[in-house]
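# Coordinates in review
In case you want the letters, here they are:
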Amino acid sequence: MSELEERVAAVRESISRAAVRAGRDPLGITTIAVTKFHPAALVSQLYEAGIRDVGENRQQEAEAKAAELVGLDDLTWHFVGQLQSKKARRVARFAGVIHSVDRDSVIDALAGADRPVSCFVQVALSDDDHRGGAPIADVERLAERIVASDGLSLAGVMAVAPLGAEPRPAFARLRSVSDRIRAIDPLATAISAGMSDDFEDAILEGATHLRIGTAITGKRPATP
Ligand SMILES: *Cc1c(COP(=O)(O)O)cnc(C)c1O
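Since the structure is predicted, the reported quantities are computational estimates derived from the model, not experimental observations.

## Observations concerning the overall build of the protein
Within the protein, the secondary structure is distributed over nine helices and eight strands. The C-alpha atoms of the protein give a radius of gyration of 16 Å, which matches the 17 Å a tight globule of 224 residues would have. Expressed as lengths along the three principal axes of its C-alpha atoms, the size of the protein is roughly 50 × 40 × 30 Å. When burial is assessed residue by residue, the protein has 51% of its 224 residues classed as buried. Put simply, the protein shows about 10,500 Å² of open surface, and 49% of that area lies on carbon and sulfur atoms.

Encoded structure:
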């Protein structure tokens, strides 16, 4: 096994163990390998290792990689980075899932895109965090707007654990937001939470989509 395959296997193993601890079926958890800054060749290697979901956070970089790997047609590109409304349409051309929908202007830009887009509402779990996300008070309204928009479906909610705080209570807050979103759309059951350092806590709080970078890819290059 290559080092990359070993890391993929080790992460899968940890996910299964955490799922069992949480009394959950590991098959209900989607692992997205976050490949930002890495070349398209690494995405190909991950594909060989069985990965079918990859995450990117910058439009230009992601678009170039998706174009290079267009032949891998059962690979799903997830966009996880902050999104400006003027770039949203371009992102929807290659990304089937967008995890960072946090404002009306992005929803309006995505509505009626050339192909259907699955959307997560990104939730800000702390006030002093500038990594994107809508205030909790706005999440239901944004979810309703997605549901009412042509070509968009509501997957659920997404968050990044706040810096310098215990992740688990933050993920518990996200889970309660998820409960409210389900009242708007019973199909919107997904919770995108958990990165390399905190995915076990996220699984314990119901995460269905993990966004894992370095634990799978190894250290990120300094520039893409
Ligand atoms: C980079 C990134 C990740 C992955 O982070 P790691 O700590 O490398 O696992 C997950 N989510 C978002 C939004 C990211 O930007």
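## Let's talk about the packing of aromatic side chains
This model, assessed by the stated rule, comprises zero aromatic pairs. The ring centre of Y47 lies 3.6 Å from the NZ or CZ of R52, which sits over that ring.

## Let's talk about the nonpolar core
I98 and L110 are the most contacted members of the largest nonpolar core, which has 66 residues in total. For this core, the leading source of residues is helix α1 (residues 3-21), giving six residues. Once you skip the residues sitting within four places of it in the chain, L110 turns out to touch A88, A92, I98, V101, C119 and L152. Counting six residues, the second-largest nonpolar core is a separate cluster that includes V97, F120, A155 and M158.

## What about the packing of helix α6 (residues 136-147) against helix α7 (residues 167-184)?
A packed helix pair is summarised by two numbers, namely the angle formed by the two axes and the spacing between the axes. The geometry of α6 relative to α7 is characterised by a closest axis approach of 10 Å and an angle of 30° between their N-to-C directions. One way to sum up the angle between α6 and α7 is to call them roughly parallel. Handedness of the α6/α7 crossing: right-handed. Here α6 contributes I136, V139, E140, A143, E144 and V147 to the contact with α7, which in turn contributes V177, R180, I181 and I184.

## Re the UniProt feature "modified residue: N6-(pyridoxal phosphate)lysine" (unreviewed entry) in the protein
Here, the residues flagged by UniProt with the feature "modified residue: N6-(pyridoxal phosphate)lysine" (unreviewed entry) are K36. Among the structural elements, K36 can be located in the loop between β1 (30-34) and α2 (40-48). Apart from the residues lying within four places of it in its own chain, the contact partners of K36 are G55, E56, N57, E61, K65 and R220.

## Describing the site of the ligand
Lining the immediate environment of the ligand, one finds V34, K36, V80, M195, S196, R211, I212, G213, T214 and R220. Interatomic distance of 2.7 Å between a backbone N/O atom of G213 and an oxygen atom of the ligand. At 2.9 Å, a side-chain N or O of R220 approaches an oxygen atom of the ligand. Relative to its unbound accessible surface of 390 Å², the ligand loses 88% to contact with the protein.

## Quick notes on α6
Its twelve residues place the ends of α6 18 Å apart at the C-alpha level, agreeing with the 16 Å of an ideal helix rising 1.5 Å per residue. Residues of α6 that are buried include every one of V139, L142, A143 and I146, and no others. All buried residues of α6 project into a common sector of 105° when viewed along the axis, lining one side.

## Focus on the pairing of strand β2 (residues 53-56)
Every second residue of β2 is oriented toward a common face, with D53 and G55 on one face and V54 and E56 on the other, all of them buried. The pairing of β1 with β2 spans two bridges and is classified as parallel. When the bridges of β2 are listed, A33 appears paired with V54. A crossover links β1 with its parallel partner β2, the connecting element being α2, and its sense is right-handed. Sheet analysis places β2 next to strand β3 (residues 76-79), joined by four bridges and oriented parallel. Residue E56 lies in a different strand from β3, and its bridge partner there is F79.

Cut-offs applied
- Residues numbered from 1 in each chain as written.
- Predicted model: local features only at pLDDT ≥ 70, side-chain atom pairs only at ≥ 80, totals over all residues.
- Heavy atoms only, no water.
- Helix = DSSP H or I, 4+ residues; strand = E, 2+ residues; numbered from the N terminus.
- Rg over C-alpha atoms; globule rule 2.2 N^0.38 Å.
- Buried < 20%, exposed > 50% of the residue type's maximum accessible area, 1.4 Å probe, protein only.
- Areas by Shrake-Rupley, 256 points an atom, 1.4 Å probe, with all protein chains shown as cover.
- Phe/Tyr/Trp six-rings, centres within 6.5 Å; stacked < 30°, edge-to-face > 60°.
- Lys NZ or Arg CZ within 6 Å of the ring centre and 35° of its normal.
- Core = buried A, V, L, I, M, F, W, Y, C linked by side-chain atoms within 4.5 Å.
- Contact = heavy atoms within 4.5 Å.
- Axes fitted to C-alpha atoms, helices over the stretch in contact; angles between N-to-C directions.
- Parallel < 35°, antiparallel > 145°, perpendicular 65-115°, else oblique.
- Left-handed = near helix turned anticlockwise from the far one by under 90°.
- UniProt positions renumbered as here; feature names shortened; annotations may be inferred.
- Near = heavy atom within 4 Å.
- Polar contact = N/O pair within 3.5 Å; in protein donor to acceptor, adjacent residues only side chain to side chain.
- Expected span 1.5 Å × (residues − 1).
- Arc of directions from axis to C-beta.
- Pairing = 2+ DSSP bridges.
- Right-handed = clockwise from strand over helix to strand, strands pointing away.

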